[in-house]
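# Descriptive analysis of the structure
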Amino acid sequence: NNSWVAPFYPIPFSATSPSNLSTVSRLRIRTFPSPCDSNSTSLSLSLPMGSTSTLSLYSHPKISIRAHPRQQELRGEVLSSSSSYCDLHLLFPATVPYHINRRRFFRFKSSVVRAASSRADGGGSRRPASSRRVYKQSQSQGPLSAVPGKEIASFVVPAGVFVAVTFVLWKLVEKLLLPKPPRSSSVENQSSSQGMKWSFAPGTNLLPGLGAKIDRESKQKLNEFAKELRSFRGVDMSGRNFGDEGLFFLAESLAYNQRAEEVNFAANGITAAGLKAFDGVLQSNIVLKTLNLTGNPIGDEGAKCLCDILVDNVGIQKLQLNSTDLGDEGAKAIAEMLKKNSSLRVLELNNNTIDFSGFTSLAGALLENNTIQNISLNGNYGGALGADALAKGLEGNKSLRELHLHGNSIGDEGIRALMSGLSSHKGKLILLDIGNNAISSKGAFHVAEYIKKRKSLFSLNLYMNDIGDEGAEKIAEALKQNRSITAIDLGGNNIHAKGASDIAQVLKDNSVIVILELSYNPIGPDGAKALSEVLKFHGKITTLNLGWCQIGAKGAEFIADTLKYNTTISTLDLRANGLKDDGAIWLARSLKVVNEALTSLDLAFNEIRDEGAFAIAQALKANEDVRITSVNLASNFLTRLGQSALTDARDHVYEMNEREVNIFF
């Protein structure tokens, strides 16, 4: 392994004295014709161990003998010949390090025997003077020095080939995956190298090397979107993440567009800088009526920029700026725009950070604007002071029809002020959403006093407050006098059986209410019984929501009995009531009776197993005139057997009546 260098010493012996070759089993000597000697011949001779044969050569050979210990064979090659006798010099290492593997050593390091002699008159065995020179040449030119080079070459050549092949493959893959972008105008080249990169899939972090490919795909997509804007009345481009650059590209398609009336640019990463693309576009476009920029971080600066553009716009009637990071400054800019704009009808500012100051600015705009009909301020920070300020603006407004203040922490004091302002409102408010505002039974009293007097209100939302049974009683008394409210939402108000009973008594004489929401109230089986007794033969309820009301299987029995006689309930929500198989069986019995009203039944989250599923499946098969089109059994404990039974029942109904029933597992 070329890791050691050992001294060598010659062992002279005469070709006529083969006793020195006692360790050699065979000696093979080949002589080749010399270029100078035409009489030279070749021969080979084998010598057995201990042989005394005499070698006599007519030429002067140089013999190279290589010995392999495993075969104990000595081989010689005659390099040249010019004499009739020769002296042989065996070159063996004087010492061999013990740590070197003998097999590997003799495999790569062959012992070399060189024999050299000069012409001598007597032909004796005396070593000539040139033998030292020949010995040195044998060390420098022998196979020992050539072997390490072969070993290195055997390692370097494959490694070099591997590196070269890898480099070629890498270049080929790089050329295939990253093609050169096509040549374009200088303007396009500048636009592709500047600004942010955008894609049409979730996430906008792109590798720099893919910029050219993405730019080309983006432009292709934008061209498709531009074509949609010119072809359809309503275009939904929400969630495409095309950013400011994409908006500038698409804005040109809106400038003189006479087709698109509703455009949804929601959740596209548009900032305040991108809204400048609408400058000059919205002024000239009189066809576009709905602009949705929800979910874009335009902030107050973007709101100011947009309002400056919309001041003179006469086409847009609905502006949606939900979740756009608007604050009080943005609300002030919108308020100033409302004072001058006469075309806007619907303004949505939900889920922003508008505080008391912003509410005050909008209230001032309501005093001067007589065209706005719907304002949504859900999920802001108006509080009691904001509600009080808004109430003052509502007193002088005549156009407002819908007011959405869900989730503003108004409280009882704020509700008192707001109800006072709405009572003086000169317009006809048809929808009031004051859900999730920490209203107690005290606040419910002010709401009840308002709905007693208001004859135009169609929908009242008190969802997720805390009016309790006392507040429910006050609302029920007010509903006895009100004949305009058709939908009332009292869900999540901590109403128990007594409050449910008070609401049920209203339905005996009130035939106007068609939607009753009581979900998330612990009315229990007794509350379900109170409602069932009334709804069996009274009222005009079409949608009854009783999810998460803890009615149990007993309450399901009361509801099932009602369904046998009721002819108005079309949608029934009984989710998460712990009905289990017993409750499902009760409801299945009622489905066997002809019911031409019920079309949707929601029984999700009720711990129903296969037994309940079998009962419902049999009911669907038994009633050929069933009108039900949707049954939700999701998040129950059905196995494949129960699911298979319901699937067979669905197929049976379709085969018999050609009517599809959607069953959800």
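The chain appears in an unreviewed UniProt entry as Protein NLRC3 from Davidia involucrata.

### Observations concerning the overall build of the chain
Along its length, the chain carries 20 helices and 22 strands. Across the 665 residues that make up the chain, the buried fraction comes to 47%. Counting contacts in the chain only where the partners sit at least 6 residues apart, residues at least 24 apart contribute 82% of the total.

### Considering helix H17 (residues 552-563)
Along its 12 residues, H17 runs 17 Å from first to last C-alpha, staying within 8% of the 16 Å computed at 1.5 Å per residue. Among the residues of H17, those classed as buried are Gly552, Gly555, Ala556, Ile559, Ala560, Thr562 and Leu563. One side of H17 carries all its buried residues, which in axial view fall inside an arc of 155°. Each element contacted by the buried residues of H17 is listed here: helix H16 (524-535), strand E19 (571-573) and helix H18 (580-592).

### Section: the packing of helix H14 (residues 468-481) against helix H15 (residues 497-509)
Two quantities define a packed helix pair, namely the angle between the axes and the distance from one axis to the other. It is the contact of H14 with H15, at a shortest axis distance of 8 Å, that shows an interaxial angle of 5°. It follows that H14 is roughly parallel to H15 by the angle criterion. Contact residues: Asp469, Ala472, Glu473, Ala476, Leu479 and Lys480 in H14; Lys498, Gly499, Asp502, Ile503 and Val506 in H15. Here the contact of H14 with H15 is built from residues that sort into five nonpolar, one polar and five charged.

### Examining unusual backbone geometry
Unlike most non-glycine residues, Trp548 shows phi in positive territory, near 60°. In this structure, Trp548 sits in the loop between strand E18 (543-545) and H17. Residue Trp548 is classed as partly exposed on the basis of its relative accessible area, which comes to 29%. Even without being a glycine, Ala576 presents a positive backbone phi close to 50°. Residue placement: Ala576 occurs in the loop between E19 and H18.

### What to know about the packing of aromatic side chains
By the definition in use, this model includes five aromatic pairs. Here Phe265 and Phe278 contribute two aromatic rings whose centre-to-centre distance is 6.4 Å and whose plane-to-plane angle is 25°, an arrangement assigned as stacked. A residue pair is termed long-range when its members are at least 10 positions apart, and Phe265 in the loop between strand E8 (262-264) and helix H7 (281-284) and Phe278 in the loop between E8 and H7 qualify at 13 residues. Pair check on accessibility: Phe265 and Phe278 agree, each one buried. The interplanar angle of 45° and the centroid separation of 5.5 Å between the aromatic rings of Phe537 and Tyr565 together place this pair among those described as tilted. Remark: Tyr565 occurs in the loop between H17 and E19 and Phe537 occurs in the loop between H16 and E18; sequence separation between them is 28 residues. Using a relative accessible area of 44% as the deciding quantity, one classes Tyr565 as partly exposed.

### Quick look at the side chain of Asn461
Topologically, Asn461 is positioned in strand E15 (residues 459-461). A polar atom in the side chain of Asn461 sits 3.1 Å from the side chain of Asp433.

### Re the side chain of Asp573
Looking at the element boundaries, Asp573 is found in strand E19. With near-sequence residues (within four places) excluded, Asp573 lies in contact with Leu544, Asn545, Leu546, Gly547 and Asp602.

### Notes on the pattern of salt bridges
Applying the stated criterion across every chain, the model contains 16 salt bridges. The partner of Asp388 in a salt bridge is Lys392, and the shortest N-O contact between them spans 4.0 Å. With Asp388 and Lys392 both in helix H11 (residues 383-395) and four residues apart, this pair spans about one turn of that helix. Classification of Asp388 by relative accessible area gives partly exposed; the value is 31%. A salt bridge links Arg575 to Asp573, with the nearest nitrogen and oxygen atoms 2.9 Å apart. Here Arg575 falls in the partly exposed class, since its relative accessible area comes to 27%. Three or more residues are tied together by salt bridges with common partners; here these are Glu473, Lys498 and Asp502.

### Re the environment of Ala613
Summarising the element assignment, Ala613 is placed in helix H19 (residues 610-622). In this structure Ala613 comes out as buried when scored by relative accessible area, which is 0%. Each C-alpha atom, one on Ala613 and one on Asn636, is 9.9 Å from the other, the two residues being 23 residues apart in sequence. Beyond its immediate sequence surroundings of up to four residues, Ala613 is in contact with Ile608, Leu638, Gly642 and Leu646.

### What to know about a nonpolar patch on the surface
On the surface, Val157, Val161, Val165, Leu169 and Leu172 cluster together to form a nonpolar patch covering roughly 440 Å² of accessible area. Topologically, Leu172 is positioned in helix H3 (residues 143-177).

### Here we look at the packing of helix H13 (residues 441-453) against H14
Here H13 crosses H14 at 0°, and the two axes come no closer than 8 Å. By the angle between their axes, H13 is roughly parallel relative to H14. Where H13 abuts H14, its residues Ser441, Ala444, Phe445, Val447, Ala448, Ile451 and Lys452 lie against Glu470, Gly471, Lys474, Ile475, Ala478, Leu479 and Gln481.

### Section: helix H12 (residues 411-423)
Here H12 contains 13 residues, and its C-alpha end-to-end distance of 18 Å stays within 8% of the 18 Å for a straight helix at 1.5 Å per residue. Along H12, the residues that are buried comprise Gly411, Asp412, Gly414, Ile415, Ala417, Leu418, Met419, Gly421 and Leu422. Residues of H12 that are buried sit in contact with H11, strand E13 (402-404), strand E14 (431-433) and H13.

### Focus on the environment of Glu624
Relative to the helices and strands, Glu624 is located in the loop between H19 and strand E21 (630-632). Taking the C-alpha atoms as reference points, Glu624 and Val593, separated by 31 residues in sequence, lie 10.0 Å from one another. Setting aside anything within four residues of it in sequence, one finds Glu624 in contact with Met656, Asn657 and Arg659.

### Some details on the confidence of the model for the chain
Counting all residues, the mean pLDDT for the chain is 78, and 70% of those residues have values of 70 or more. Mean pLDDT values for the elements of the chain range from 35 in helix H4 (residues 186-193) up to 98 in E18. Per-residue pLDDT stays below 50 along residues 1-147; that stretch engages in 237 contacts with residues further than four places along the chain or on separate chains. Contacts from residues 181-214, a stretch scored under 50 in pLDDT, to residues over four places away or in other chains number 45 contacts.

### Regarding the environment of Pro525
Of note, Pro525 is situated in helix H16. By relative accessible area, Pro525 is classed as partly exposed at 31%. C-alpha of Pro525 to C-alpha of Phe558: the two residues are 33 residues apart in sequence and 8.2 Å apart in space. Contact partners of Pro525, with chain neighbours within four places excluded, come to Gln550, Ile551, Lys554, Gly555 and Phe558.

Rules used throughout
Residues numbered from 1 in each chain as written. Predicted model: local features only at pLDDT ≥ 70, side-chain atom pairs only at ≥ 80, totals over all residues. Heavy atoms only, no water. Helix = DSSP H or I, 4+ residues; strand = E, 2+ residues; numbered from the N terminus. Buried < 20%, exposed > 50% of the residue type's maximum accessible area, 1.4 Å probe, protein only. Contact = heavy atoms within 4.5 Å. Expected span 1.5 Å × (residues − 1). Arc of directions from axis to C-beta. Axes fitted to C-alpha atoms, helices over the stretch in contact; angles between N-to-C directions. Parallel < 35°, antiparallel > 145°, perpendicular 65-115°, else oblique. Nonpolar A, V, L, I, M, F, W, Y, C, P; charged D, E, K, R; others polar. Phe/Tyr/Trp six-rings, centres within 6.5 Å; stacked < 30°, edge-to-face > 60°. Polar contact = N/O pair within 3.5 Å; in protein donor to acceptor, adjacent residues only side chain to side chain. Salt bridge = Lys/Arg side-chain N within 4 Å of Asp/Glu carboxyl O. Patch = residues over 30% accessible without salt bridge, like charges linked within 9 Å, V, L, I, M, F, W, Y side chains within 5 Å. Areas by Shrake-Rupley, 256 points an atom, 1.4 Å probe, with all protein chains shown as cover. pLDDT = per-residue confidence, 0-100.

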